[in-house]
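Here is how the chains run, residue by residue.
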Amino acid sequence: MLHLNGVELMSESDNQLSRYNPQLVETKWQEFWDKEQIFRATPSPDQEKYYVLVMFPYPSGRIHMGHVRNYAIGDLIARYQRLQNRNVLNPIGWDAFGMPAENAAIQKKSHPAKWTYDNIDAMRIELKSMGLSYDWKREFATCDPDYAHWEQDLFLKLYEKNLVYRKKALVNWDPVDNTVLANEQVIDGKGWRSGAAVERKELSQWFFKITQYADELLEGLEKLPGWPETVKTMQTNWIGKSHGVEFAFKIKGHKEVFGQEPTPEDSTMDVYTTRPDTIMGVTFCSVAAEHPLAKLTAKYNPKAQEFIHSCQSTGTSEEALEKLEKKGFDTGLKAIHPFTGEEIPVFIANFVLMSYGTGAVMAVPAHDQRDFEFAKAYDIPIRVVIQGDGELLDSQTMTEAYVGPGKLLNSAEFDNLDNETAKQTIAQAFDKKGIGRATINYRLRDWGISRQRYWGNPIPMINCKKCGVVPVPVEQLPIPLPKDVELTGAENPLVTHPTWKECTCPKCGDAAQRETDTMDTFMESSWYFLRYCSPDEQNAPLNTQEVNHWMPVDQYVGGIEHAVLHLLYARFFHKALRDIGEVDCDEPFINLLTQGMVRKDTLNCPEHGWLYPNEADESKGKYRCVKCEKDVTVGRNEKMSKSKNNVVDPNDLIAGYGADTARLFMLFAAPPDQDLEWNESGVDGAWRFLNRLWRLLVDIQDRYQGAKPITTTPKNSALKKLRGKVHETIERVTRDMERQQYNTGISAVMEMTNAGGKILSAGEVTDDPEAGSVLMELAHVAVILLNPYTPHITEELWQMLGQEGHLGKARWPKVDPKALVKDEITIVVQINGKLRSRLITPADISKEELEKAALADEKIVANLAKVTVRKVIVIPGKLVNIVAN
RNA sequence: GCGGGUGUGGUGGAAUUGGUAGACACGCCAGAUUUAGGAUCUGGUGGCGCAAGCUGUGGAAGUUCGAGUCUUCUCACCCGCACCA
């Protein structure tokens, strides 16, 4: 019996000639990898490092197809890089804080920690059944006391650096989850998780100064060529940098309107505009409902108050906004135009946002669509100040605002300037007058991280009546969550717990209270990739030396849904940690691969609603419900989701076909960044290929046991051609690995094994003295090239081929350039670009000879009988195109 | 509305980046094999045509000896943002 590091080859009765048994093979190799710690990563000075990272899962209890795809891709990259002799770090862990654990605890009257750790145990088994090459020694969950401890520590370090602050803020309140949401977590005015309509509420909140890094986050994108354009565009738009001018209007009329003299604050109004070139077209101003001038007006005028109220109660849903009419309320106050001295009305308008710029805008109806609509509704003058090429604009007849480029008119000393130049000239004019200056504005706002939830990491702060906000001293960390809580969903147990929040102020020693908010769970995912580098570090959040050895992440793999949220927070947090000396590099993720969704048809029965795939019978393209025989509507092909029942459980797939088949299918069915349509027969195809491969290699080993892979050029031309195919395949698969088009890599190997199978079954050259070594080379190459896709079966076949050791020690094959040299090639002959004939010529044929041969070809001669040749284009090695008429 | 992307056989998808369109697979058709494991093997398979051939990459035009690939316009679908001044 053969042995390999204590692992037995399949027993005699079950060996070489027997069928491919994935369950046996996979269990065997998973145990071997585990026992021998094959994928343990330790820094090594001799090898180039490679850090591959997959987005860690939330421990929901079961893996889904999205995980399988994500981790199959990540593992393929890890194994490929190992074969390229790189020292690979491929870690995994658990994004373990969050609301589902609390909801489950409420439902089951248990504790979130128990639910979470039970789920992790279940999911770990599932992940292990996939045969992923993780360094499991680095595994952690973000709810581990250790991880929470060092996160609190980092929070305090950033607080010291003045990157964290607290302020009262109007927040997005999710009434179902009873918590605050960041702007990024509000989608179409609804909570990203609960789907409930978000309300506005004013609360004291902790913020990270992400806006301080807005410019670097924006510019950093340019240094990331390995990121998809879509993600970079989304982040660019999210940051929303704009150049403009901020200036102040003098405000008058307080006495007339309110019967009161203005306070200094009330007598001016700051506005921000990106269009200073249209300054002479300003005919009114508008302010947000929350603007101080609006509030002032409301104080004296109940109708204004009513109007403001109606603004705030309008929904923020997509539809509501789209149909929302432009409405305003005239404050009666007048703004003084800074250049003309003209008095213009100031309105409270329902479409002005308090949270962007200054909450007040100068309105130019002729050149801004919103202002145009507003002016039409309230009969405000429209003044054209930019004239584009073409027809003359007429303020009386124009039906929409002109927002294009052009020359200035009706603009006094600025007349005839082109508007781009005017932006600068006028900005300077503001500066000279001392009432305004060029400003940069961002759409991005600071990251609010306070959450009124139990199952999160406590914010390590103390509120003292005397001293105010005081940070918890580092030596008192960690602040653990209380274990003795009962979750009801009504109120945060950290608030209601009898003792947890009570403490003494570190400054004055008086009784004080802890901050009861916990941190946004995006905090945990903002530095987990750093903690992976030194997961056991006991004295600090990070071991800087180890972190700097492994960082940055060379390849990050995950879902596109994190394009803005997680990926922007993580970039920011990383840069902040860089600035407190925790890590050296500027960007955490050099290359980003965003995999597409796994989708499946949805089935809907008129009686039973959404059906599971096995609840409908298919015949002739029609589906019937197995329960009621009614016709089933086949809905759109959609992302697999529990609510639509269009899910396939990866565990069933792995139990039935094995992990290798599941992985192969996932990687073969589509390029990784594209959506993947789930298709049962595609799985069968992958399964059959692995069986064919198995049989082919068993056949080769049977016939040519002991043959050494060939290293020279075979004499027989069929064998030479086959060897050419082998090396062409190495070249193609290598290229596909580098360009991350894994589906075509598999195709290439399939072509190669098909060619090998053909030679064997044809039987013509199987007795050639070199046949064995050519086929043995093919077998070896097939095994190694496929190892990143299907690790278990390739290990088993490697061993079956009599190889010492395991594939962890193998190296990616090298192309023998001699093997790629072809004796003859096929040349296409076209007439006027249409295919007319093919020539088989020696590979080294000269241009002239090729032209001659093409023109002498029978079919070509026949086709040229009635026309005159005008020109002949010869592309050596490819084609000849004859231009004739 | 703005920004980004995608349209190729019955299906998933290829096409060395301007040079044989449809690789590889699924499905289907025909045949072989008394066929023990989700069969396997051989051949065929874009459309039209008996054939030579014609035609064909959402549509229209253009550049080019030559266009799935480049340019312009247009249609459809998908994703993101959405009154950001």
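Above this text is the structure in question.
Residues numbered from 1 in each chain as written. Chains lettered and ligands numbered in written order. Predicted model: local features only at pLDDT ≥ 70, side-chain atom pairs only at ≥ 80, totals over all residues. Heavy atoms only, no water.

Observations regarding the overall build of chain A
Link 1 in the chain: A count of helical and extended segments in chain A gives 27 helices and 37 strands.
Link 2 in the chain: Counting across all 885 residues of chain A, residues that qualify as buried make up 53%.
Link 3 in the chain: For chain A, contacts bridging at least 24 residues in sequence account for 72% of all contacts bridging at least 6.
Link 4 in the chain: In chain A, the 104 positive side-chain charges and the 123 negative ones have mean positions that sit 2 Å from each other. (Helix = DSSP H or I, 4+ residues; strand = E, 2+ residues; numbered from the N terminus. Buried < 20%, exposed > 50% of the residue type's maximum accessible area, 1.4 Å probe, protein only. Contact = heavy atoms within 4.5 Å. Lys, Arg positive; Asp, Glu negative; His and termini not counted. Charge placed at Lys NZ, Arg CZ, Asp CG, Glu CD.)

Side note on the environment of Lys 809
Link 1 in the chain: Structurally, the position occupied by Lys 809 is in the loop between helix H24 (791-800) and helix H25 (817-820).
Link 2 in the chain: With 39 residues separating them in the primary sequence, Lys 809 and Glu 848 have C-alpha atoms 50 Å apart.

Quick look at the pairing of strand E14 (residues 343-349)
It is a general feature of regular strands that their side chains alternate between the two faces of the sheet.
Link 1 in the chain: Across the seven residues of E14, six count as buried, placing the element largely inside the fold.
Link 2 in the chain: The pairing of strand E12 (residues 284-287) with E14 spans three bridges and is parallel. Each residue of the ladder has a partner; that of Ser 286, found in E14, is Phe 347.
Link 3 in the chain: As paired strands, strand E13 (residues 328-336) and E14 are joined by six bridges and run antiparallel to one another. Bridge pairing links Gly 328 to Ala 349 in E14.
Link 4 in the chain: Joining the antiparallel neighbours E13 and E14 is a turn of six residues, in which Gly 341 adopts a positive phi near 75°. (Pairing = 2+ DSSP bridges.)

As for the sheet that holds strand E3 (residues 49-54)
Link 1 in the chain: Here four strands make up an open sheet; going across it, the order is E4-E3-E26-E27 and the pairing parallel. Because the sheet does not close on itself, it has two edges, and the strands there are strand E4 (87-89) and strand E27 (592-595). Each strand of the sheet is rotated relative to its neighbour by a mean of 20°, with strand direction disregarded.
Link 2 in the chain: One ladder, built from three bridges, connects E3 with E4; its direction is parallel. Looking across to E4, one finds that Tyr 50 is bridged to Val 88. (Axes fitted to C-alpha atoms, helices over the stretch in contact; angles between N-to-C directions.)

Structural notes on the pairing of strand E10 (residues 242-252)
Link 1 in the chain: With six bridges connecting them, E10 and strand E18 (residues 436-441) associate as antiparallel partners. Looking at the pairing, His 243 lines up with Ile 440 of E18.
Link 2 in the chain: Note: E10 against strand E11 (residues 268-273), six bridges, orientation antiparallel. Considered in E11, the bridge of Val 245 is made with Thr 273.
Link 3 in the chain: In this structure, E10 lies alongside E13, joined through three bridges in antiparallel fashion.

Remarks on the side chain of Gln 235
Link 1 in the chain: Structurally, Gln 235 can be placed in helix H7 (residues 229-239).
Link 2 in the chain: Owing to a relative accessible area of 0%, Gln 235 belongs among the buried residues under this scheme.
Link 3 in the chain: Of the polar contacts made by the side chain of Gln 235, one reaches the backbone oxygen of Ala 563; its length is 2.9 Å.
Link 4 in the chain: Polar side-chain contacts of Gln 235 include one of 2.8 Å to the side chain of Arg 571.
Link 5 in the chain: Residues contacting Gln 235, with those up to four places away along its chain left out, are Leu 221, Trp 227, Ala 563, Val 564, Leu 567, Leu 568 and Arg 571. (Polar contact = N/O pair within 3.5 Å; in protein donor to acceptor, adjacent residues only side chain to side chain.)

Brief notes about the packing of helix H23 (residues 771-786) against H24
When two helices pack together, their arrangement is given by the angle between the helix axes and by the axis-to-axis distance.
Link 1 in the chain: In contact at an axis separation of 9 Å, H23 and H24 are set at 155° when each is read in the N-to-C sense. Compared by their axis directions, H23 and H24 come out roughly antiparallel. Judged by the twist between their axes, the crossing of H23 over H24 is left-handed. Taking contact as the criterion, the partners of His 780, Val 783, Ile 784 and Leu 786 in H23 are, on H24, Thr 794, Leu 797 and Trp 798.
Link 2 in the chain: Taken together, the residues of the contact of H23 with H24 break down into five nonpolar, two polar and no charged. (Parallel < 35°, antiparallel > 145°, perpendicular 65-115°, else oblique. Left-handed = near helix turned anticlockwise from the far one by under 90°. Nonpolar A, V, L, I, M, F, W, Y, C, P; charged D, E, K, R; others polar.)

Quick look at H24
Link 1 in the chain: Counted residue by residue, H24 has 10 buried out of 10 residues, so it is predominantly covered.
Link 2 in the chain: Looking one or two places after H24, you find Gly 802, whose phi comes out positive at around 85°.

Let's talk about the nonpolar core
Link 1 in the chain: Of all hydrophobic cores here, the largest spans 183 residues; its most connected members are Tyr 51, Phe 155, Phe 208, Tyr 528, Phe 529, Met 551 and Trp 678.
Link 2 in the chain: Looking at this core element by element, the count peaks at 12 residues for H23.
Link 3 in the chain: Apart from the residues lying within four places of it in its own chain, the contact partners of Met 551 are Lys 49, Tyr 51, Phe 529, Leu 530, Cys 533, His 574, Val 583, Cys 585 and Pro 588.
Link 4 in the chain: Residues Ile 251, Val 271, Ala 335 and Ile 426 belong to the second largest nonpolar core, which totals 40 residues. (Core = buried A, V, L, I, M, F, W, Y, C linked by side-chain atoms within 4.5 Å.)

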